[in-house]
Amino acid sequence: MKNDEYYMHLAIEEAKKAEEIGEVPIGAIIVHHDEVIARAHNLRERDQRSIAHAELLAIDEACKKLGTWRLEQATLYVTLEPCAMCAGAIVLSRIKRVVFGASDPKGGCAGTLMNLLQEKRFNHQAEVVSGVLAEQCGRMLSDFFRRLRQRKKEEKNSFYSN
């Protein structure tokens, strides 16, 4: 059996695919009985769809692969703490376990701002493991946003110098 770090490295590889096409580098994989059954990365900017988050795309792929919306024996690995929308989808698809890398202080709903994944009022709660390869996941995101801010600054300066 492979460990959480092994699978998080696979999620990081998905995040790199997002970064290569100018997306926020977030990647997700879903593992079912030690087999990767779904892989996805953010496609929100490319597709101009607010729901094209890595987690949702991976959940959709896993449901198709297994032929069911119930992912009760699955573990979702994602490089950034799930947002409210993704946390809702995780609960509704009954994913057993969620492992994430970097915490999200502005939108994290798996323990940072709130914990929708373990909310007792829902009919399902997921086990949550946080901080797996957190530094590597967080660095990838902060480097991406630093480059994005720099590029926007250069475009603005270029516009005003013409």
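Heads up: the structure comes first, above all this text.
Read on for a plain summary of the structure. A quick note: this is a predicted structure, and the numbers were derived from the prediction, not measured.

**Quick look at the side chain of Asp104**
Along the chain, Asp104 falls in the loop between strand 4 (97–102) and strand 5 (127–129). It turns out Asp104 is buried and unbridged, and the closest side chain with the opposite charge, Lys106, is 7.5 Å from it. From its side chain, Asp104 meets the backbone nitrogen of Lys106 in a polar contact 3.0 Å long. Of note is the side chain of Asp104, whose polar atom sits 3.2 Å from the backbone nitrogen of Gly107. Look past the residues within four positions of Asp104 in its chain and what remains in contact with it is Leu80, Glu81 and Thr112.

**Comments concerning the pattern of salt bridges**
By the definition in use, this model includes twelve salt bridges. A salt bridge links Arg49 to Asp47, with the nearest nitrogen and oxygen atoms 3.5 Å apart. Its relative accessible area of 36% is what places Arg49 among the partly exposed residues. The exposure class of Asp47 is partly exposed, given its relative accessible area of 26%. A salt bridge links Glu119 to Arg121, with the shortest nitrogen-to-oxygen separation between them at 2.7 Å. Given the relative accessible area of 22%, Glu119 is considered partly exposed. In this structure, a network of salt bridges that share partners links the residues Asp4, Arg97 and Glu127.

Scoring rules and cut-offs
- Residues numbered from 1 in each chain as written.
- Predicted model: local features only at pLDDT ≥ 70, side-chain atom pairs only at ≥ 80, totals over all residues.
- Heavy atoms only, no water.
- Helix = DSSP H or I, 4+ residues; strand = E, 2+ residues; numbered from the N terminus.
- Buried < 20%, exposed > 50% of the residue type's maximum accessible area, 1.4 Å probe, protein only.
- Lys, Arg positive; Asp, Glu negative; His and termini not counted.
- Salt bridge = Lys/Arg side-chain N within 4 Å of Asp/Glu carboxyl O.
- Polar contact = N/O pair within 3.5 Å; in protein donor to acceptor, adjacent residues only side chain to side chain.
- Contact = heavy atoms within 4.5 Å.

Read these as layout, nothing more, since geometry by itself doesn't imply function.
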